[in-house]
Amino acid sequence: MIKLKFAISGKGGVGKTTIAAALSRMLASYGYTVYAVDADPDANLGMALGFPPEEVDQIAPIAELKELIIERTGGVGPYFVLNPRVDDILEKFVVVREGIKLMRMGMVKKAASECYCRENTFLRAVIQGLLLERDEVVIMDMTAGIEHLTRGTAMYVDGMLIVTEPTAASMRTALTACALAHELGIKEVAIVGNKVRNDEEANAIASFVEAECSKLKRQVQLLCFIPFDVNIWGQAITGVPPLDEVDASPFWSAIRCICDWLISIAKN
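It should be emphasised that the depicted structure is a prediction, and the values quoted were computed from it without experimental measurement. (Residues numbered from 1 in each chain as written. Predicted model: local features only at pLDDT ≥ 70, side-chain atom pairs only at ≥ 80, totals over all residues. Heavy atoms only, no water.)

> Is there a simple way to think about the overall build of the protein in this case?
A tally of regular secondary structure across the protein gives eleven helices and eight strands. In the protein, which comprises 268 residues, the share counted as buried stands at 53%. Considering only contacts within the protein whose residues lie at least 6 apart along the sequence, 78% involve residues at least 24 apart. Of the roughly 12700 Å² that the protein leaves accessible, carbon and sulfur atoms contribute 51%. (Helix = DSSP H or I, 4+ residues; strand = E, 2+ residues; numbered from the N terminus. Buried < 20%, exposed > 50% of the residue type's maximum accessible area, 1.4 Å probe, protein only. Contact = heavy atoms within 4.5 Å. Areas by Shrake-Rupley, 256 points an atom, 1.4 Å probe, with all protein chains shown as cover.)

The structure is reproduced here in structure tokens:
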């Protein structure tokens, strides 16, 4: 049994969800119970994990439980409870498959609409309950960009994995996320280079990380590179990359490296 809570962040399209799903499946194959939390409004984590669409669709997104949110936050009116009871939520609104409990956070913030303070408060309480009170592994697939960090949603995690690909925009977002993660006091922060096709691209990521760390005067670990794999890309479109290819696939070798890092965090 390990107690490990971590978030996966990065610019949109860098492969956060594929990596979150792969880590969830590998850690579950080790015998750990894994909460896979889809905190991205696009809600693709269930599909990447191989859950049937009808099972994913039956999960009520936490942020959309309007009646329950009103009840737990003290009824209608301008005042509401800041620490609502959420202990039962963590088991009730999930679907389970092969040691993985899938939960959907849902979308809260809407443009030109009424105040969503209650929903944000309730969502934060659920996340705190997951990250502070549970003994399982919790993997949070965060929304694209850095908004979750500016709102402090991920501040209770043990570590953060920041995914980048070999583009200037992606690397810039990754380093901004690193700086914000450190400001929030997240102890373990590491960068993973994804979709890397050659040594030139790997060196570009490494050089950028080194240069930016020097500017920020903070050390950020460059954990590993995940090579661009046509087979993994195709499987991400048509289904789920099979775990039985773990010993033959560079992709799964990199995922194993990340898993080893995560487990070492939990044990220290």
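> Honestly, the pattern of salt bridges in this entry has me stumped. Any pointers?
A side chain of one charge can pair with a side chain of the opposite charge if their charged atoms are brought near each other. By the definition in use, this model includes three salt bridges. Its salt-bridge partner being E91, residue K101 comes within 3.2 Å of it at the nearest N-O pair. With K101 in strand 4 (residues 100–104) and E91 in helix 5 (residues 89–92), this residue pair connects regions lying ten residues apart in the sequence. (Salt bridge = Lys/Arg side-chain N within 4 Å of Asp/Glu carboxyl O.)

> I would appreciate a short explanation of the sheet that holds strand 7 (residues 188–196) in the present structure.
Think of a sheet as strands paired side by side through backbone hydrogen bonds, with each pair either parallel or antiparallel. Strand order in this open sheet of eight strands is 3-4-2-5-1-6-7-8, and the pairing throughout is mixed. Looking along the sheet, the strands with just one partner apiece sit at the ends: strand 3 (95–97) and strand 8 (221–227). Strand-to-strand twist in this sheet, taken as the mean axis angle between neighbours without regard to direction, amounts to 20°. Taken together, the five bridges between strand 2 (residues 34–38) and strand 5 (residues 137–141) define a ladder with parallel strand orientation. For D38, the partnering residue across the bridge sits in strand 5 and is D141. (Pairing = 2+ DSSP bridges. Axes fitted to C-alpha atoms, helices over the stretch in contact; angles between N-to-C directions.)

> Help me out: how do you make sense of the nonpolar core in this one?
Within soluble globular proteins, side chains that are nonpolar tend to cluster in buried spots. Core analysis: the biggest nonpolar cluster contains 44 residues, and L23, L161, I255 and I258 have the highest contact counts within it. Among the elements that line this core, the one with the most residues is helix 11 (residues 250–267), at ten residues. Core analysis: the next-biggest nonpolar cluster, separate from the first, contains 43 residues, A39, L65, V126 and M140 among them. (Core = buried A, V, L, I, M, F, W, Y, C linked by side-chain atoms within 4.5 Å.)

> Hey, could you run me through the confidence of the model for the protein in this one?
Low pLDDT marks regions whose predicted coordinates should not be analysed in detail. Residues at a pLDDT of 70 or more form 79% of the protein, whose mean pLDDT is 80. Summarising per-element confidence for the protein, the mean pLDDT is lowest in helix 7 (residues 147–150) (59) and highest in strand 7 (93). Per-residue pLDDT stays below 50 along residues 110–116; that stretch engages in three contacts with residues further than four places along the chain or on separate chains. (pLDDT = per-residue confidence, 0-100.)

> Can you help me understand the side chain of S170 in this one?
With respect to the element layout, S170 can be found in helix 8 (residues 168–183). Separated by 2.9 Å, the side chains of S170 and T164 make a polar contact. Sequence-distant contacts of S170, that is, excluding residues within four places in its chain, are made with K11, V14, V163, T164 and E165. (Polar contact = N/O pair within 3.5 Å; in protein donor to acceptor, adjacent residues only side chain to side chain.)

> Honestly, the pairing of strand 1 (residues 4–10) in this entry has me stumped. Any pointers?
Both faces of the sheet carry side chains from a regular strand, because those side chains alternate between them. With seven of seven residues buried, strand 1 is to be regarded as a mostly interior element. With burial as the criterion, each face of strand 1 is covered, one bearing L4, F6, I8 and G10 and the other bearing K5, A7 and S9. Bridge analysis of strand 1 against strand 5 gives five bridges, and the strand direction is parallel. Along strand 5, the bridge assignment pairs F6 with I139. Sheet topology note: the strand 1/strand 6 (residues 159–164) ladder contains five bridges and is parallel. Residue pairing for strand 6: F6 is matched across the bridge by G159.

> I'm lost on the side chain of K5 in this one. Help?
Positionally, K5 belongs in strand 1. Of note is the side chain of K5, whose polar atom sits 2.8 Å from the backbone oxygen of E136.

> I keep staring at the state of the cysteines and nothing clicks. Help me out?
Every disulfide links exactly two cysteines, by a covalent bond between their sulfur atoms. Taken as a whole and judged by the stated rule, the model has zero disulfides. Of all cysteine sulfurs, the one in C257 lies closest to C224, which takes part in no disulfide; the gap is 4.4 Å. (Disulfide = S-S within 2.5 Å.)

> So what exactly am I meant to see when it comes to the packing of helix 1 (residues 16–29) against helix 11 here?
When two helices pack together, you describe them by how their axes are tilted relative to each other and by the distance separating the axes. For the pair helix 1 and helix 11, the least separation of the axes is 10 Å and the interaxial angle reads 70°. Judged by the inter-axis angle, helix 1 sits roughly perpendicular to helix 11. Remark: the crossing between helix 1 and helix 11 carries right-handed chirality. Of the residues in helix 11, those touching helix 1 at T18, I19, A22, L23, R25, M26 and L27 are F251, W252, I255, R256, I258, C259, L262 and I263. Partitioning the contact of helix 1 with helix 11 into residue classes produces twelve nonpolar, one polar and two charged. (Parallel < 35°, antiparallel > 145°, perpendicular 65-115°, else oblique. Left-handed = near helix turned anticlockwise from the far one by under 90°. Nonpolar A, V, L, I, M, F, W, Y, C, P; charged D, E, K, R; others polar.)

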